[in-house]
Amino acid sequence: MTSPPAPHMPHPSPSGIMPSSPLNTQPSPMAHSPGPNSLSYMQQVCHVHHRDRVKVPIISNRSWAGAVPTLLSHEAFDTLCRPCPHPQKDIPGPDLSPLERFLGCVYMKRHLQRFIQNEMTQLPSNEPGVVFFKVDGLQCQFFLNHTHMQSLHIKVSQLQNDGIPDVHQWSQEDLQIIEQFFELRVAAPPYRPNSMCAFIRMINVNITRVLKDFIQIMRLELMPELIQGLKWNVQFCLRVPPSAMPIVPTGMPAVLPFRGKILFFLQITRIPYMQGMDWKDCLSLVLPMVYDTGTNTTQLAERREQVQSVAMSAVSHQLKRFPEYAALQPNECSLFPAVRDLLANLILPTEPQLPPQIQNQIVPSPVGPVGTSPSQMMHSPMQSMSQGGPTTGTYSMVPPGGPN
C-alpha cells in the first residue's frame, strides 16, 4: 500500500514557487541585467545594501547641528590641538590648545545659561550665541569672541530708567571694571563653573550699595597701586580654597547670600616691607567675611568655641574696631571701607617693629594696571598650595549651617 500524497504546502514566496525552481515561469531578474563583473551592477548592489542597512539621520537646519562637514588636513588638526599662547595676551593662564579653549568657553557658557534660567531674569535675544539677562538695573550680554572663538566676554550696560525712581546711575568706569574682572578672573582657564556662579551672585545681590563696594574691591584687585600706603594686597576668592575651614565645601562658589547676610572670601597678601624680601616669603591669609545687610556691618566669620590663630585674631580685632572710629556717610555701605581699613592698618603681632620711613615704603605689586597680565599668584589663590606660594594661615569659622 502506498500512503496518500501529502497536502500541498504553499511556499512563502509571493508566487508560491521558489524563484530558482524550474516550475517558476516568471522571468529571472538576472536575465536582462548586467553580469556580476559589471561596474554598474556592483554600484547598484552597494547602493541597495547601503540604503537597506544604514538609516540616514535627519540633520537639523540649526547653525550648531554641524550639517555641513568641514574637511581638515592633518596639519590643521594638529594646529587645533597644539598648546599655544592665548590670542589675547592679557588673559592669564597656561598655554592651551585652541580646541581646549573653545570647548572650555562653551562649557562655561552652558553652565551660565542653566544658572540664569534657575535664579535670574533672562531676556530674549535675537543675536545667535548671545545670552542676555538683567540684574539690578543692568543688562548683561555674554558672548564668545567672534574673531577666534577662544574667549568669553561680557558687555554690561545701564538699563533705561522707565520712570522708576532712585535707580543708581552707574559710571562707565564701573561697568568696565565688571567686564575686565570677568575676562581676567572668571572666564579665564581653568574654566571653573563655580567661579562663574560666584561672580553672578556678586553682581546679582540686588543691593546697589553692596554691588558698588564689590566693584571697588574688583578695581583694587586689578589695580593694586590705585591706593597708596596699603600694607596688603587683596583679591576675591571665587571658589573656596582648600586651605579654608569647612564653612562650605572646598571648590564651591565662594559667595553665598544667606538670611540677609552675604558670606564671601578674600585673600590678602602682605606687601614686601623689608630689603630683600620677596613675594614668595610674604604671608597670605584667606578671610571668610560676612556682611550684614540689616546692621551694615562687616565682620570676620568666626566661631566662639574655635581657637583663633594670632593672625586671625588680629584681623577680627581690626574689623571690630572699625565701626568705633569710622565716619561713614548716611546710606554708605561699610563693606569696602572696612576692607580698605584692614589693608591699610593691619599689622600682625609677629611682624618686626620697623622705623616709620621703612613701613611706608611700598614694593611694586606683581599685578599691573587693568589690561596687563597678572602674576600666577594673584590669579588663583589655590595655586599657592601646589606651587609653594605664600603661607596661608588658619581662620575661624561659623557653624556648618552658615552665618546666622
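This structure is a prediction, so every number in the text was calculated from the model and none was measured. (Residues numbered from 1 in each chain as written. Predicted model: local features only at pLDDT ≥ 70, side-chain atom pairs only at ≥ 80, totals over all residues. Heavy atoms only, no water.)

Side note on the sheet that holds strand β4 (residues 152-158)
Sheet strands pair via backbone hydrogen bonds, and the direction of the pair is either parallel or antiparallel. The strand order across the open sheet formed by four strands is β1-β2-β3-β4, and the pairing between neighbours is antiparallel. Bordering the open sheet on either side are β1 (121-123) and β4, each of which pairs with just one other strand. Direction aside, neighbouring strands of the sheet carry axes that sit 30 degrees apart on average. Relative to strand β3 (residues 138-144), strand β2 (residues 131-135) runs antiparallel, the two sharing five bridges. Of the residues in β3, the one forming a bridge with V135 is L138. (Pairing = 2+ DSSP bridges. Helix = DSSP H or I, 4+ residues; strand = E, 2+ residues; numbered from the N terminus. Axes fitted to C-alpha atoms, helices over the stretch in contact; angles between N-to-C directions.)

So, the packing of helix α7 (residues 310-325) against helix α8 (residues 335-345)
At a closest axis distance of 10 Å, the pairing of α7 and α8 adopts a crossing angle of 120 degrees. On the basis of the axis angle, α7 is oblique to α8. Crossing geometry of α7 relative to α8 is assigned as right-handed. Contacts between α7 and α8 pair V315, Q318, L319, F322 and Y325 from the former with P337, A338, D341, L342 and N345 from the latter. Residue composition of the contact of α7 with α8, grouped by class: seven nonpolar, two polar and one charged. (Parallel < 35°, antiparallel > 145°, perpendicular 65-115°, else oblique. Left-handed = near helix turned anticlockwise from the far one by under 90°. Contact = heavy atoms within 4.5 Å. Nonpolar A, V, L, I, M, F, W, Y, C, P; charged D, E, K, R; others polar.)

Section: the nonpolar core
Core analysis: the biggest nonpolar cluster contains 75 residues, and F199, I200, F236 and F264 have the highest contact counts within it. Of the residues forming this core, the biggest block, eight residues, is contributed by helix α6 (residues 208-222). (Core = buried A, V, L, I, M, F, W, Y, C linked by side-chain atoms within 4.5 Å. Buried < 20%, exposed > 50% of the residue type's maximum accessible area, 1.4 Å probe, protein only.)

Brief notes about a nonpolar patch on the surface
Taken together, the side chains of L72, F77, L80, L99, F102, L103 and M149 present a nonpolar region at the surface, about 580 Å² in accessible area. Of all the secondary-structure elements, those providing two or more residues to the nonpolar patch are α2 (74-81) and α3 (98-119). Among the elements that take part in the nonpolar patch, α3 stands out by supplying three residues, more than any other. Structurally, L99 can be placed in helix α3. (Patch = residues over 30% accessible without salt bridge, like charges linked within 9 Å, V, L, I, M, F, W, Y side chains within 5 Å. Areas by Shrake-Rupley, 256 points an atom, 1.4 Å probe, with all protein chains shown as cover. Salt bridge = Lys/Arg side-chain N within 4 Å of Asp/Glu carboxyl O.)

What about α6?
Helix length check: α6, at 15 residues, gives a terminal C-alpha distance of 21 Å against a target of 21 Å (1.5 Å per residue), a fit within 8%. α6 sits mainly inside the fold: eleven of its 15 residues count as buried. (Expected span 1.5 Å × (residues − 1).)

Here we look at the environment of R185
Along the polypeptide, R185 turns up in helix α4 (residues 172-186). Using a relative accessible area of 7% as the deciding quantity, one classes R185 as buried. A polar atom in the side chain of R185 sits 2.8 Å from the side chain of E221. (Polar contact = N/O pair within 3.5 Å; in protein donor to acceptor, adjacent residues only side chain to side chain.)

Remarks on the pattern of salt bridges
Applying the stated criterion across every chain, the model contains four salt bridges. R219 is the salt-bridge partner of D174, the closest N and O atoms lying 2.7 Å from each other. Taken together, the residues D174 in helix α4 and R219 in helix α6 connect sequence positions 45 residues apart. Accessibility expressed as a relative area gives 6% for R219, which makes it buried. Here R185 makes a salt bridge to E221, at a shortest N to O gap of 2.8 Å. Here R185 is found in helix α4, whereas its partner E221 is found in helix α6, with 36 residues between them in sequence. Salt bridges here are not isolated pairs; linked through shared partners, they connect E173, D174 and R219.

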